[in-house]
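# Examination of the molecular architecture
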Amino acid sequence: MMEQSALEAQTQSQGTTTTKRQLKGAIFDLDGLLLDTEKLYAEAISTVLSSHNHTYPPELRSQVVGRSELHGANLITTTLQIPLTPQQFLSARDHILHTTLFPTAEPCHGAKELCSYFVRNNIPIAVATSSRKAGVEVKIGHLRKGWFDEIKVIVTGEDERIKEGKPAPDIFVLAAKELGLEAKDCVVFEDSPSGW
């Protein structure tokens, strides 16, 4: 309570006021925030690249994370001059992910507890992910019971109602709408700079 009073006093002394707004919804990115899948993507991409005598440089990885899948694949194939179209690259990567890696996806530390907090407080949860629906289903399939069943809305990057992918806010605005809320009434959790 003392910290809040000090903050209010500081705000008042600066001549500004704060408005408290009731939080009505929570929107989460999926990969790297709720699920520890970034390492799985990196492993699959590295496997595809190694078959073309390339590695996955960290500086390229930082440009790819959080972007739409097609945009990321285009960055990789163009930057490294891989003799694959972005779609062919994604197909090779997805085969590895769907058959071997995604079924092993684990929750990020504290993710289940944070979601449970919102559920206990009657605050609906949505996921807004650049991933495609088929991949999302494989990632969360083994985690549905007791956790992902609590998440009422999942909006994926291939949804045709999204005009522009992350970092544009379209996917988050749509997720809020699917919850029956305005985006201004939701908190968004995003871990990737390209998702900001």
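Residues numbered from 1 in each chain as written. Predicted model: local features only at pLDDT ≥ 70, side-chain atom pairs only at ≥ 80, totals over all residues. Heavy atoms only, no water.

This part takes up the pairing of strand β2 (residues 125–129). Extensive coverage of β2 is indicated by the burial of five of its five residues. Of the two faces of β2, the one carrying Ile-125, Val-127 and Thr-129 and the one carrying Ala-126 and Ala-128 are both buried. In this sheet, β2 lies alongside strand β1 (residues 25–28) in parallel orientation, the contact comprising three bridges. By the bridge assignment for β2, Ala-26 is matched with Ile-125. In this sheet, strand β3 (residues 153–156) lies alongside β2 in parallel orientation, the contact comprising four bridges. Following the sheet pairing, Ala-128 is matched in β3 by Val-155. With respect to chirality, the unit in which β2 leads through helix α7 (residues 133–140) into the neighbouring parallel β3 is right-handed. (Buried < 20%, exposed > 50% of the residue type's maximum accessible area, 1.4 Å probe, protein only. Helix = DSSP H or I, 4+ residues; strand = E, 2+ residues; numbered from the N terminus. Pairing = 2+ DSSP bridges. Right-handed = clockwise from strand over helix to strand, strands pointing away.)

Another aspect to go through is the nonpolar core. Among soluble globular proteins, nonpolar side chains are generally buried collectively. Core analysis: the biggest nonpolar cluster contains 25 residues, and Phe-28, Leu-30, Leu-34, Leu-35, Leu-97, Trp-147 and Phe-148 have the highest contact counts within it. Listed by contribution, the elements that provide at least two residues to this core are β1, α2 (38–50), α5 (86–101), α6 (111–120), β2 and α7. (Core = buried A, V, L, I, M, F, W, Y, C linked by side-chain atoms within 4.5 Å.)

With that settled, consider the pattern of salt bridges. A side chain with one charge may pair with a side chain of the opposite charge, provided their charged atoms come close. Considering all chains together, one arrives at 12 salt bridges under this definition. Across the pair Asp-185 and Lys-24 runs a salt bridge, and its minimum N-O distance is 4.0 Å. Pair noted here: Asp-185 is in the loop between α8 (170–178) and β4 (186–189) and Lys-24 is in the loop between α1 (2–13) and β1, with a separation of 161 residues, a long-range link. Residue classification places Lys-24 among the partly exposed positions, given a relative accessible area of 38%. Note that Arg-132 is salt-bridged to Glu-69, the shortest N-O span being 2.4 Å. With Arg-132 in the loop between β2 and α7 and Glu-69 in helix α4 (residues 69–79), the pair connects residues that are 63 residues apart, well separated along the chain. In this structure Arg-132 comes out as partly exposed when scored by relative accessible area, which is 29%. Taking the relative accessible area as the measure of exposure, Glu-69 reaches 13% and is therefore buried. Residues participating in the shared-partner salt-bridge network are Glu-69, Arg-93, Asp-94 and Arg-132. (Salt bridge = Lys/Arg side-chain N within 4 Å of Asp/Glu carboxyl O.)

Next up on the list: the packing of aromatic side chains. Taken as a whole, this structure holds six aromatic pairs when the rule is applied. Centre to centre, the rings of Phe-28 and Phe-189 are 4.7 Å apart; their planes meet at 10°, and the pair counts as stacked. Taken as a pair, Phe-28 in strand β1 and Phe-189 in strand β4 lie far apart in primary sequence, 161 residues in all. On the basis of relative accessible area, Phe-189 is assigned to the partly exposed category, the value being 23%. Considering the side-chain rings of Tyr-41 and Phe-102, the 5.4 Å spacing of their centres and the 70° angle between planes classify their relative orientation as edge-to-face. Residue Tyr-41 is found in helix α2, and its partner Phe-102 is found in the loop between α5 and α6; the two are separated by 61 residues along the sequence. According to the relative accessible area criterion, Tyr-41 is buried, its value standing at 9%. Judged by relative accessible area, which is 1%, Phe-102 ranks as buried. Here the aromatic cluster, defined as three or more aromatic residues joined through ring pairs, consists of Phe-28, Tyr-117, Phe-118 and Phe-189. (Phe/Tyr/Trp six-rings, centres within 6.5 Å; stacked < 30°, edge-to-face > 60°.)

Shape descriptors only; they carry no functional weight alone.
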